[in-house]
Amino acid sequence: SLRRVLAILIDAGALDTATVLHGALSAVGASHAMPFEPSDAEQIVQSIDHLRAELGQSDFADAVRLGAAMSDSEIVSFVKEQIAMLIEATA
């Protein structure tokens, strides 16, 4: 799921990309529209708090707004491009 991708991006240090993805997921209600509480809900909250602390409130808010403004296809393309760049950088 894209929430798992979010965690992977955070672990990889791609904090800006993770925050944009968080904005997109939040905009479509993915963090709130679950029929049940995900088992990793507390970890997700902690990860978002970590992003906010690392980026600062202003940069965090800018990245969230960017993600929230993306269409579904735009966010998928964006995340794929960012993952490709991460893979290339580690190759």
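Our structure is the block above this text.
To start, this report covers the structure provided alongside it. (Residues numbered from 1 in each chain as written. Predicted model: local features only at pLDDT ≥ 70, side-chain atom pairs only at ≥ 80, totals over all residues. Heavy atoms only, no water.)

### Focus: the packing of helix α2 (residues 15–27) against helix α5 (residues 72–90)
Then step 1. Two elements in contact, α2 and α5, have axes separated by 11 Å at closest approach and are oriented at 165°. Relative to α5, α2 is oriented roughly antiparallel. The element α2 and its partner α5 pack so that their crossing is left-handed. On the side of α2, the interface is formed by Thr 17, Val 20, Leu 21 and Ala 24, while α5 contributes Ile 75, Phe 78, Val 79 and Gln 82. (Axes fitted to C-alpha atoms, helices over the stretch in contact; angles between N-to-C directions. Helix = DSSP H or I, 4+ residues; strand = E, 2+ residues; numbered from the N terminus. Parallel < 35°, antiparallel > 145°, perpendicular 65-115°, else oblique. Left-handed = near helix turned anticlockwise from the far one by under 90°. Contact = heavy atoms within 4.5 Å.)

### Regarding the side chain of Thr 17
Then step 1. For Thr 17, the location among the structural elements is in helix α2.
Then step 2. Within the local environment of Thr 17, its side chain forms a polar contact with the side chain of Gln 82, the two groups lying 3.1 Å apart.
Then step 3. Apart from the residues within four sequence positions on either side, Thr 17 is in contact with Leu 9, Phe 78 and Gln 82. (Polar contact = N/O pair within 3.5 Å; in protein donor to acceptor, adjacent residues only side chain to side chain.)

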